[in-house]
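Chain by chain, the residues:
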Amino acid sequence: MTYQFLHRPRRLRSNPIIRSLVEENYLKTSDFVLPVFISEEEKPSEVLSMPGVFRWPISNLCEQIKDWHQKGLKAFALFPKISPELKNEGGNEILNPNSLVCRAAAAIKQLNLDVVLIADLALDPYTTHGQDGIVDSKGEVDNDSTVEILAKASIVYANAGIDWVAPSDMMDGRIKIIREALERNSFHNTGIISYSAKFSSSYYGPFRSAIGSSMDSVIIDKSTYQLNPANLLEAQRELALDAEEGADILMVKPAEPFLDVIKQARSQSNLPIAAYQVSGEYSRIMAANQLGWLDWKSCALESLVGIKRAGANIIFSYFADRLAKDL
Ligand code: PBG
């Protein structure tokens, strides 16, 4: 039986050439930021819940950066796992000009490669309690004293060679205070990539164990500062405030459960939009791959092109190093 249909949309899918001609969105290596864990350990160690992702001592990291750079990856976000004895309640190791992040930044810059270094700006790698800010006597994360230390830390990071600071703390007003601190200290070209719509997500678990900020089996509650996953309007307001306060790039995080927020961010702002495919998004794909239930590479690519299609210009992804050569 054959009909005379007016429309046969399958024509556009009938072979790889036409499929490629009509492709609407595609990933390229230069879309990606690779998040990188650095540690004081002597050897690289694999993150248990993130197969294929390692914590790198600075010496090995420099070798890796050269390798990644050759594959076309040029933007890296640094996350430190510092020694427990350097942590305290106030997280003031973040202000140490010789901290792990600062030493790593300086060492990478010595390679003289064209790379962009992004440093996450929050206290959680540095505090004993694992919160992103200063905890007051009532047990609450204090907004303004946290902003104050983060603004100081942005100068320490900029001095060490960090090109972009990425406040991931979700305190009120921090973008304005950080921008002013950078301007006052003549870091006019140090950019702010703001975690503007950062949700209180269960998908951060593997990351927290990677940087050693979570005590075993204790789930750290960050819901007094990170957004409720149910709220889109509130995310809109956060995005608007960060843009007003001087952010250069707005970020949505996690990515795949929040594609509508990415789309919203893209339509409401004319700033570049970043999305962070977080640790748990990575781990669930890798876990299913290990069980033989899903193929990691095709699932990763599908997830990432979805993030791009939703409107992200920049994607933070732990898959970036292994996908780079195929894009
Ligand atoms: C720290 C920070 C977190 C992530 C990035 N920066 C964790 C958190 O807020 O608890 C999560 C990244 C990931 O899960 O891959 N403020």
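In case you missed it, the structure is sitting above this.
Undergrad: Please set out the pairing of strand β1 (residues 32–39) residue by residue, giving values where relevant.
TA: Within β1, 8 of the 8 residues are buried, leaving the element largely enclosed by the surrounding structure. In terms of strand pairing, β1 meets strand β12 (residues 314–317) through 2 bridges, oriented parallel. Residue pairing across strands places V33 opposite F316, the latter belonging to β12. Note: β1 against strand β4 (residues 75–81), 6 bridges, orientation parallel. Bridging from a neighbouring strand, I38 pairs with P80 of β4. Looking at chain direction, β1 and strand β3 (residues 54–56) are connected through 2 bridges and run parallel. What sits directly across from F37, in β3, is R55.

Undergrad: Explain the site of the ligand residue by residue, including any values.
TA: Close contacts around the ligand come from 18 residues, with K198, R208, K222, K253 and Y318 the closest. D124 places a side-chain nitrogen or oxygen 3.3 Å from a nitrogen atom of the ligand. At 2.9 Å, a side-chain N or O of Q226 approaches an oxygen atom of the ligand. Applying the majority rule of atoms within 2 Å of the grid points places the ligand in the largest cavity. For the shell around the ligand, the per-class residue count stands at 8 nonpolar, 3 polar and 7 charged.

Undergrad: Talk me through helix α4 (residues 143–160); I want residue IDs and the actual numbers.
TA: With 18 residues, α4 extends 26 Å from end C-alpha to end C-alpha; this agrees with the ideal 26 Å at 1.5 Å per step. Most of α4 is tucked away, with 13 of its 18 residues classed as buried. Two residues or fewer past α4, G161 is found with a positive phi of approximately 110°.

Undergrad: Kindly report on the layout of surface pockets, identifying the contributing residues and their values.
TA: The computed volume of the second largest pocket comes to approximately 200 Å³. Elements with a contribution of two residues or more to the lining of the second largest pocket: β7 (141–142) and α7 (233–245). By residue class, the composition of the lining of the second largest pocket is 5 nonpolar, 4 polar and 4 charged.

Undergrad: Outline unusual backbone geometry, listing residues and values.
TA: Note the cis peptide between K253 and P254, where omega equals -10°. Structurally, the position occupied by P254 is in the loop between β10 (249–253) and α8 (259–268). Backbone geometry at N112 places phi at a positive 60°, although glycine is not the residue there. Assessed through its relative accessible area of 69%, N112 is described here as exposed.

Undergrad: Any chance you could break down a positive patch on the surface for me, citing the residues and the numbers?
TA: On the surface, R8, R10, R11 and R13 cluster together into a positively charged patch. Residue position: R11 is located in the segment before α1 (16–21).

Undergrad: Lay out the pairing of strand β9 (residues 191–198) with the relevant residues and their values.
TA: Summarising burial for β9: 8 of the 8 residues are buried, a large majority. Where strand β8 (residues 164–167) and β9 come together, 2 bridges link them in parallel fashion. Looking at β9, one finds that W164 is bridged to G191. Remark: the β8/helix α5 (residues 174–184)/β9 crossover connection has right-handed handedness. Summarising the sheet, β9 and β10 pair through 5 bridges and their orientation is parallel. Across the sheet, residue A197 finds its bridge partner in β10, namely V252.

Undergrad: Lay out the pattern of salt bridges in plain terms, naming residues and giving numbers.
TA: Per the counting criterion, the structure on display carries 19 salt bridges. For K81, the salt bridge identified is with E41, shortest N-O distance 3.6 Å. Highlighted residues: K81 in strand β4 and E41 in the loop between β1 and β2 (45–46), separated in sequence by 40 residues. Residue R179 pairs with E183 through a salt bridge whose shortest N-O separation is 2.9 Å. Residue R179 and its partner E183 are both found in helix α5; the two are separated by 4 residues, about one turn of the helix. Under the relative-accessibility criterion, R179 is labelled buried at 12%. The structure contains a network of salt bridges with shared partners spanning K28, D31 and K308.

Conventions used here
Residues numbered from 1 in each chain as written. Predicted model: local features only at pLDDT ≥ 70, side-chain atom pairs only at ≥ 80, totals over all residues. Heavy atoms only, no water. Buried < 20%, exposed > 50% of the residue type's maximum accessible area, 1.4 Å probe, protein only. Helix = DSSP H or I, 4+ residues; strand = E, 2+ residues; numbered from the N terminus. Pairing = 2+ DSSP bridges. Near = heavy atom within 4 Å. Polar contact = N/O pair within 3.5 Å; in protein donor to acceptor, adjacent residues only side chain to side chain. 1 Å grid on protein atoms, 1.4 Å probe; cavity = no way out; pocket = protein on both sides within 12 Å on 5 of 7 lines; lining within 4 Å. Sits in = over half its atoms within 2 Å of the grid points. Nonpolar A, V, L, I, M, F, W, Y, C, P; charged D, E, K, R; others polar. Expected span 1.5 Å × (residues − 1). Points joined across faces, edges and corners; volume = space filled by probe spheres on them. Patch = residues over 30% accessible without salt bridge, like charges linked within 9 Å, V, L, I, M, F, W, Y side chains within 5 Å. Areas by Shrake-Rupley, 256 points an atom, 1.4 Å probe, with all protein chains shown as cover. Salt bridge = Lys/Arg side-chain N within 4 Å of Asp/Glu carboxyl O. Lys, Arg positive; Asp, Glu negative; His and termini not counted. Charge placed at Lys NZ, Arg CZ, Asp CG, Glu CD. Right-handed = clockwise from strand over helix to strand, strands pointing away.

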